[in-house]
Amino acid sequence: MDSRARNLLDEALGLDQLTQLKPPLGGKAVLIEDCVETSGSFVLHQLIKRLLTAVPNSSNVVLFLAFANPFSHYDRILRKLGCNLGAQREKGRFIFVDMLNVECPVGEEGKAGGRSGLFALFANITKVLNALPESNRKCLTIVIDDVSLMEVAAHGSSDHVLDFLHYCHTLTSDYGCSLVTLNHEDIYSSMDGLVFLKQMEYAADVLVKVEPLATGLAADVHGQFDGLQMTVLNRGSLNNRMSNFQFRIKENSVEYFYPGARA
Amino acid sequence: MAATKTRTSSFSRNLPAASSAQSPEIKCGPNGTFLVSSGIPDLDKTLGGGIPLGSLVMVMEDSEAPHHMLLLRNFMSQGLVHKQPLLYASPSKDPRGFLGTLPSPSSPKDDKSRSHDAEQEKGLRIAWQYKKYFGENQSNLDGQRGMILFRFIVLCEWEMLSFIRSLKSTVRSAIAVAIITFPSSLVSATFCKRWQHLADCLVSVKAIPDEDKELAKLLTGYQDIVGFLNIHRVPRINTQVPAVLEATTLSIKLQKRRYLVLECLNQAPVDGSSGSSYGTSGSCSGASSKSGSLDF
C-alpha cells in the first residue's frame, strides 16, 4: 500500500522515476495552490523528503526560500517523515534561506549600490547555482514557501515578484533546475488579483490544487488534490495528464487514495 | 507516586531542561511547543490545551458589537495574573479605560494597579507609532515570556501586512504570543484573505441580534447567548497534520455578567410543525450539558 500510495503523488508531480542520472523534477516548474481551509504545505514536505532521501548518494540539492516558517518548524516535520534536515544542511544538500524577517523593498533601480531586495535574492540564487559543479546544476530544486508572503515583503509590488519568478523560470531552461512554488489561491479571487495567479499558472508545467472537500470537514479525509501536468511533446502537441485523489495527512506520512476507496 | 509507577518502555521522553524551571502557566504541548492559556478554559480545550508560544492569533471583529473585547479582556487578565509582560496597543483615545474593565478574580488590587501603570505607558506609545516602537519591542521580548495585544484600525493595507509579518516573525523567535483583533468588514476581500493566511490561529466573533425568534426556536439557552465564536484555524506549529475540530462554532455566554463561557451549540427540540431541523449553518448539536466543561 505504501509503495502504491507514494506513486499517486509522485505520478501527479511527474516524479515517477527517481534515478541518479535524471534530475528529479526534470527541470519543471511546479505551482502548488492552497487555501485557508486546507494547507498545501504537506506537498512541499513530501517533495523535499523525496528529493533528499529517495535515492541514496544522489546529488540533489534543495534551495529553500522560507517566508512562512522558521527552520525549526520544517526540521521537526521532516524528521517525523524520515529526513534529517540538519544533517542534509551540513552536507550542503539542503540550503535554507530564512526570509521571515527580511524586507525586500523595491527601490529605484538607479540608486547607487541600492540593489532591491528581490534582485539581491536572485543574485544569491545564482551564486548557489554557480557554486555547484557544472554537471550537478540540473539537480538543483528551488522551493519557495510562499509567494504571497514574498509579495508582502516586497510591499505589494506584484510586478517585481512576477519578474523574480520569471527569472527563476529562466534558470529552469538555462540550467535544467526545477522550481517549486506555493501560493494561496483564495487571495487572488478578485479580478485584479487573478492576473497574478494566472501568470503563475501559465508559467508552470505542473499545477497542483489542494482544496477542502466540497462536503466540509472530515476526520478521515483532509482534502482533495487536483494535479495537472502539461508536457509538450516533440511535435508540439500538448499532453495533459490530470490526477485527482484525496488525502489524509498523518504525522509520519500522508495517505493518498481515490475518492471512495479508503484502504 | 512516582515510585509505584511501572516503566512500560525503556525509552523516556527527553524533556528540555527548561521545563523544570518553568512557570506553571506554560504547559508542554505536542511537537515541542509550549502552550499558554488564553484565559478562557473552554477555548483552551477546543484548541487542544492552549495557544502555542510563538503563534499569532487573529480575531475577526464584528463591526456591530464589541464582543471581541470580551476575548481580549480575558487574554489580558490571564497575562496579568501570571505577571507576564504585556503590550497593549489600541487606536482608542483612552487605552486606560479598557484596562479598567479587566476582570480580576484573584490578584489583589494594589498589584493590579501597579502592573497596569507599566502597561499603559507602552500601550499609549505604540498606538500611534507602530514602527518606531517595534524596534524597542524586540529587545523587550527577548528572553521573556509575554503577550502582545493589538487592536487595529486599518492604515495602508500593504504596510499593515508587512507589520504583521514582522510581528509574526518576532513572536516566533521570542517566547511570546500576539493577539490581534481587526474589523474584517473594513478590509477588502483579498487583504482579508492575506490576513487570514498570516494567522496561526484564526477566530471570528459574531454578534447575534437580541430578539431573533428563528434563532430562539433553534437553540437552547438563546437568551444567555451573547454571540458566536467561529474557529477557522487552529495553530499548527511544528506539524503538518491539520486539526479537525468537532465543533467550529461555539456560543459565547456570559455567566453572572463576568465569566465567559464557550459552549457547543445545543439545538432545541424540534417542533413538529416547523420544517427545518438543521437551520443554523455551522452549528453542531452537542450532547453536552449546559455547563461548558466536561470532566472525563
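In the nomenclature of an unreviewed UniProt entry, chain B corresponds to Elongator complex protein 4 from the organism Linum tenue. Heading Pathway (unreviewed entry) of the UniProt record for chain B holds this comment: "tRNA modification; 5-methoxycarbonylmethyl-2-thiouridine-tRNA biosynthesis."

Looking at an unreviewed UniProt entry, one finds chain A named Elongator complex protein 6, with Linum tenue as its source organism. Quoted verbatim from the Sequence similarities (unreviewed entry) field of the UniProt record, the comment on chain A reads "Belongs to the ELP6 family." The UniProt entry for chain A carries the following text under Pathway (unreviewed entry): "tRNA modification; 5-methoxycarbonylmethyl-2-thiouridine-tRNA biosynthesis."

A. Expanded view of the sheet that holds strand β5 (residues 178-184) of chain A. Residues and elements named next belong to chain A. Within the open sheet, the 9 strands sit side by side as β3-β2-β4-β5-β1-β6-β7-β8-β9. Their pairing is mixed. Edge positions in the sheet fall to β3 (94-98) and β9 (254-257), since each has one partner strand and no second. Between one strand axis and the next, the sheet turns through 20 degrees on average, direction left out of account. Where strand β1 (residues 29-34) lies against β5, 6 bridges are found, and the strand directions are parallel. When the sheet's bridge partners are listed, glutamate 33 is paired in β5 with asparagine 183. The strands that helix α2 (residues 41-53) touches are β1, β2 (61-66), β3, β4 (140-145), β5, β6 (206-211), β7 (223-232), β8 (238-249) and β9; relative to β9, the one it contacts most, it runs at about 105 degrees.

B. Structural context of the interface of chain A and chain B. Each side of the interface is counted separately: chain A has 42 residues, and chain B has 27 residues. Carbon and sulfur atoms supply 56% of the area that chain A and chain B bury against each other, a total of about 2900 Å² over both sides. Of all residues in chain A, Val36, Val152 and Ile187 of chain A bury the most surface against chain B, accounting for 23% of the area lost on that side. Here chain A is connected to chain B by 2 salt bridges. For lysine 193 of chain B, the salt bridge goes to aspartate 186 of chain A, with nearest N and O atoms at 3.9 Å. Elements with a contribution of two residues or more to the side of chain A that touches chain B: α2, α3 (71-81) and α6 (147-153) of chain A. Sort the elements by how many residues they give to the side of chain A that touches chain B and α3 of chain A lands first, with 6 residues.

C. Region of the structure containing the pairing of strand β8 (residues 201-207) of chain B. All names here are of chain B. Extensive coverage of β8 is indicated by the burial of 6 of its 7 residues. Alignment of strand β4 (residues 56-61) against β8, held across 4 bridges, turns out to be parallel. In the sheet register, methionine 60 faces β8, and the bridge partner there is serine 204. With 6 bridges joining them, β8 and strand β9 (residues 225-233) adopt antiparallel strand pairing.

D. Region of interest: the nonpolar core. In terms of nonpolar packing, the biggest core is built from 103 residues, with Ile144 and Phe164 of chain A together with Trp195 of chain B touching the most fellow members. Counting 32 residues, the second largest nonpolar core, distinct from the first, contains Leu43, Met69, Ile252 and Leu260 of chain B.

E. Seen up close, the packing of aromatic side chains. All names here are of chain A. Throughout the structure, instances matching the rule amount to 15 aromatic pairs over all chains. Ring centres of phenylalanine 225 and phenylalanine 245 lie 4.6 Å apart, and the angle between their planes is 15 degrees; on these two criteria the pair is classed as stacked. Pair noted here: phenylalanine 225 is in strand β7 and phenylalanine 245 is in strand β8, with a separation of 20 residues, a long-range link. Each member of the pair, phenylalanine 225 as well as phenylalanine 245, carries the same accessibility label: buried. By way of ring pairs, the aromatic residues Phe64, Phe71, Tyr74, Phe94 and Phe96 are connected into one cluster. Here arginine 89 stacks its cationic end above the ring of phenylalanine 71, 3.8 Å away from the centre of that ring.

F. Quick peek at the packing of helix α6 (residues 157-173) of chain B against helix α7 (residues 189-198) of chain B. All names here are of chain B. Their axes nearest at 11 Å, the elements α6 and α7 cross at an angle of 5 degrees. What the angle tells us is that α6 and α7 run roughly parallel. Across the interface between the two elements, Glu157, Trp158, Met160, Leu161, Ile164, Arg165 and Lys168 of α6 pack against Phe191, Arg194, Trp195 and Leu198 of α7. Among the residues making up the contact of α6 with α7, the classes are represented as 7 nonpolar, no polar and 4 charged.

G. Here's a closer look at the sheet that holds strand β1 (residues 26-28) of chain B. Residue and element names in this part refer to chain B. Strand order in the open sheet formed by 3 strands is β1-β2-β3, with antiparallel pairing between adjacent strands. Looking along the sheet, the strands with just one partner apiece sit at the ends: β1 and β3 (51-52). Across 2 bridges, the pairing between strand β2 (residues 34-36) and β3 is antiparallel. Bridge pairing in β3 links leucine 35 to proline 52.

H. Region of interest: the environment of tyrosine 202 of chain A. Residue and element names in this part refer to chain A. As for its placement among the helices and strands, tyrosine 202 is situated in helix α8 (residues 191-203). Judged by its relative accessible area of 76%, tyrosine 202 is exposed. Residues tyrosine 202 and leucine 31 lie 171 residues apart in sequence; the distance between their C-alpha atoms is 9.8 Å.

Thresholds, definitions, all that
- Residues numbered from 1 in each chain as written.
- Chains lettered and ligands numbered in written order.
- Predicted model: local features only at pLDDT ≥ 70, side-chain atom pairs only at ≥ 80, totals over all residues.
- Heavy atoms only, no water.
- UniProt positions renumbered as here; feature names shortened; annotations may be inferred.
- Pairing = 2+ DSSP bridges.
- Helix = DSSP H or I, 4+ residues; strand = E, 2+ residues; numbered from the N terminus.
- Axes fitted to C-alpha atoms, helices over the stretch in contact; angles between N-to-C directions.
- Contact = heavy atoms within 4.5 Å.
- Buried area = accessible area lost by both parts, 1.4 Å probe.
- Salt bridge = Lys/Arg side-chain N within 4 Å of Asp/Glu carboxyl O.
- Buried < 20%, exposed > 50% of the residue type's maximum accessible area, 1.4 Å probe, protein only.
- Core = buried A, V, L, I, M, F, W, Y, C linked by side-chain atoms within 4.5 Å.
- Phe/Tyr/Trp six-rings, centres within 6.5 Å; stacked < 30°, edge-to-face > 60°.
- Lys NZ or Arg CZ within 6 Å of the ring centre and 35° of its normal.
- Parallel < 35°, antiparallel > 145°, perpendicular 65-115°, else oblique.
- Nonpolar A, V, L, I, M, F, W, Y, C, P; charged D, E, K, R; others polar.

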